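Each chain, written out:
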Amino acid sequence: MSLEAKSLTFRYRRRGQSPVLEGVNLTLEPGERVGLSAPSGRGKTTLCKLLAGYERPVQGTVLLDGRPLEQYKGACPVQMIWQHPETVLDPLLPLGVSLNEAGAVEERLLEELHIQPGWLTRYPQELSGGELQRFCIARALGPATRYLLCDEITAMLDLITQTQIWDFLLREAQRRNLGLLIVSHSAPLLERVCTRIQSLSPIP
Amino acid sequence: MEPILQVEHLSISFSQYHRGTRKRTLPVIHDLSFSICPGQVTAVVGSSGSGKSLLAHGILGILPYNSALEGTILYQGTPLTQRRAEQLRGREIVLVPQGVTYLDPLMEVGPQIRKGRRDPRSKARSRAVLERYGLGPEVEKRYPFELSGGMARRVLIASAVVEQPKLILADEPTPGLDARAASRILGHFRELAEDGAGVLLITHDLELALTIAHRVLVLYAGETIEEASAADFSAGRLRHPYTRALWAALPQNGFTPIPGTQPYPGEISDGCQFAPRCPRCRPECRGPGPVPYVPRAGGWVRCRFPEGGEAL
């Protein structure tokens, strides 16, 4: 019962490009919160995209409970929350529509994330990054979700919003026994929220 | 020392249409006062939407057409009018913008830093500035898409300081950089201040701001609620409950959240903006009437019942 990355290699199809990731291994168990830190440009976001199925590795596989991730149908059990919420919400849809696009979101989540009913009819450009990120978190927590990949999800938020969001996510992860992969440049943050910290091994 | 920039009772508002043709005025910055001295780094911290970037745009005179600015901005003791701002910006007053998107994608780095000038003096100067930030001659031939995030930021700083400015406005120069790269970038600003420039550092990263700033200005819902020295934070001499909450929310200081969100520009009352979230709110705090911004223990605070520190 785990999410496993087995010797993942990934490169963009451009001539002469060296791989972004090479031979990366990672295991994430339910209930675990693994911190991932590495300098900019080392492929942290790319690793998240591979684990969530947004990109396919050139070599290696992503296994969920021993089965390749791409064999799962319906909502992907591995969900990713992105660094810049304003880039992953349709600017032409009211937030309430974006929120429920992949199935209705539990009322409880909206309350816990302090999403005001008035925000549901607003458009992404009318709300701040912290408010948008709450929507992104709520829609990533569908009933099928078992692993959450958090890619610098609070880097652009102020400190108080950051603690509010982590306070909620840690409670939710514990309640549902979710596995979390947490990418951040902030060492104090990782020490605070993670059960273990793994550094992305540098490319040889 | 005479301040290089003095901002007094600055207010910025937007006029907006809502429900058809009805117009309304949305105050975004309200009664903001501070000053910057040469050789000093002043950090402006506050949550997103508290009006930090607008402040920089207001100083540079690049606010959008539907905005109105009240109050005074003095640069070297003389009012900074729109005309004067246009003459000075890009020369004596420079902006280091937030994003890599501010670079011209179709222009090589070298000509971009020289702003098109080709004389040998400009070339030597741009070379020297790039050198200072650890960028070799090969970088001059590159286009912005060929730069990494950290390099692009150094190019942005280089193109600002090539003019030897006296006042530098840096708008969120560090997000997305790892800790080492971020502290290196901030180190550059500290150096510029040591060379005699005044630096206004706009950021939401309190921890990094404290590593280089002399003074910290805290904004909440478009108001300055506290001005403190950097040392006040670790010494527990903070005056306003919001600043205390910010400090306590640092992962290494307890990671304690407080509930609620900052009010929107349209929802701002004329009383204390922080009252609904304040852990020390008293019945008097919820009443109407502006809260005065008063000096206290070497700093400033906008609170009816400020925290007493050890210094009091």
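Conventions we followed
Residues numbered from 1 in each chain as written. Chains lettered and ligands numbered in written order. Predicted model: local features only at pLDDT ≥ 70, side-chain atom pairs only at ≥ 80, totals over all residues. Heavy atoms only, no water. Helix = DSSP H or I, 4+ residues; strand = E, 2+ residues; numbered from the N terminus. Rg over C-alpha atoms; globule rule 2.2 N^0.38 Å. Buried < 20%, exposed > 50% of the residue type's maximum accessible area, 1.4 Å probe, protein only. Contact = heavy atoms within 4.5 Å. Areas by Shrake-Rupley, 256 points an atom, 1.4 Å probe, with all protein chains shown as cover. Lys, Arg positive; Asp, Glu negative; His and termini not counted. Charge placed at Lys NZ, Arg CZ, Asp CG, Glu CD. Pairing = 2+ DSSP bridges. Axes fitted to C-alpha atoms, helices over the stretch in contact; angles between N-to-C directions. Parallel < 35°, antiparallel > 145°, perpendicular 65-115°, else oblique. Left-handed = near helix turned anticlockwise from the far one by under 90°. Polar contact = N/O pair within 3.5 Å; in protein donor to acceptor, adjacent residues only side chain to side chain. Buried area = accessible area lost by both parts, 1.4 Å probe. Salt bridge = Lys/Arg side-chain N within 4 Å of Asp/Glu carboxyl O. Nonpolar A, V, L, I, M, F, W, Y, C, P; charged D, E, K, R; others polar. pLDDT = per-residue confidence, 0-100.

So, about the overall build of chain A. Of regular secondary structure, chain A possesses six helices and nine strands. Compactness check: chain A gives a C-alpha radius of gyration of 17 Å against a globular reference of 17 Å for 204 residues, within 12% of the reference. Residue burial in chain A is summarised as follows: out of 204 residues, 50% are buried. Within chain A, residue pairs in contact and separated by at least 24 positions form 72% of the contacts whose partners lie at least 6 positions apart. Of the roughly 9,500 Å² that chain A leaves accessible, carbon and sulfur atoms contribute 49%. Taking the average location of the 22 positive side-chain charges in chain A and that of its 22 negative ones, the two points are 7 Å from each other.

The next thing to look at is the sheet that holds strand β9 (residues 196–199) of chain A. The strands making up a sheet associate through backbone hydrogen bonding, with each pair oriented either parallel or antiparallel. Residue and element names in this part refer to chain A. Reading across from one edge, β6-β7-β8-β3-β9 is the order of the five strands in this open sheet, with parallel pairing throughout. Strand pairing shows two members of the sheet lacking a second neighbour, β6 (78–81) and β9, which therefore form its edges. Pairs of neighbouring strands in the sheet enclose a mean axial angle of 20°, with direction left out of account.

Glancing now at the pairing of strand β1 (residues 5–18) of chain B. All names here are of chain B. Summarising the sheet, β1 and strand β4 (residues 67–75) pair through eight bridges and their orientation is antiparallel. When the sheet's bridge partners are listed, Glu 8 is paired in β4 with Thr 72. Where β1 meets strand β2 (residues 22–36), eleven bridges bridge the pair, whose relative direction is antiparallel. Within β2, the residue paired with Val 7 across the bridge is Phe 34.

Bringing the packing of helix α5 (residues 149–161) of chain B against helix α6 (residues 179–194) of chain B into the picture now. All names here are of chain B. Packing of α5 against α6 brings their axes to within 11 Å, and their N-to-C directions diverge by 15°. On the basis of the axis angle, α5 is roughly parallel to α6. The way α5 lies across α6 gives a crossing that is right-handed. Between α5 and α6, the residues in contact are Gly 150, Arg 153, Arg 154, Ile 157 and Val 161 and Ile 185, His 188, Phe 189 and Leu 192, respectively.

Residue and element names in this part refer to chain B. Looking at the element boundaries, Glu 226 is found in strand β10 (residues 223–229). A polar contact is formed between the side chain of Glu 226 and the side chain of Thr 243, at a distance of 2.9 Å. Setting aside its immediate chain neighbours within four residues, Glu 226 contacts Val 216, Leu 217, Val 218, Leu 238, Arg 239, His 240, Thr 243, Tyr 293, Trp 300 and Val 301.

Time to look at the interface of chain B and chain A. Listed per partner, the contact involves 26 residues of chain B and 26 residues of chain A. Regarding the contact of chain B and chain A, the summed buried area is about 2,200 Å², with carbon and sulfur atoms giving 60% of it. At the surface where chain B touches chain A, the tally comes to zero salt bridges. The tally of links between chain B and chain A comes to five residue pairs in polar contact (both at pLDDT 80 or more). Counting residues per element, the side of chain B that touches chain A draws most heavily on helix α9 (residues 241–248) of chain B, which supplies three residues. Each residue belonging to the side of chain B that touches chain A can be placed in one class, and the counts come to 14 nonpolar, nine polar and three charged.

Attention now moves to unusual backbone geometry. All names here are of chain A. Positioned with a positive phi, Asp 65 is a non-glycine residue whose angle comes to about 50°. Tracing the sequence through the fold places Asp 65 in the loop between β4 (59–64) and β5 (67–68). If you check the backbone angles, Glu 152 has positive phi at about 50° while not being a glycine. Note that Glu 152 resides in the loop between β7 (147–151) and α5 (159–176).

Our focus in this paragraph is the sheet that holds strand β12 (residues 299–301) of chain B. Residues and elements named next belong to chain B. What the eight strands build is an open sheet, ordered β6-β7-β8-β3-β9-β10-β12-β11; its pairing is mixed. Of all strands in the sheet, those with a lone pairing partner are β6 (93–96) and β11 (294–296), marking the two edges. Within the sheet, the average angular offset between the axes of one strand and its neighbour, ignoring direction, is 25°. Here helix α1 (residues 52–60) sits on the sheet and contacts β3 (41–45), β6, β7 (167–171), β8 (198–203) and β9 (215–220); the angle it forms with β8, its principal contact strand, is near 145°. The strands touched by α9 are β3, β9 and β10; relative to β9, the strand with the most contacts, the crossing angle is about 105°.

A low pLDDT means the predicted coordinates there should not be read in detail. Across chain B, pLDDT averages 87, with 97% of residues at or above 70. For this predicted complex, the interface score ipTM comes out at 0.79, alongside a pTM of 0.83.

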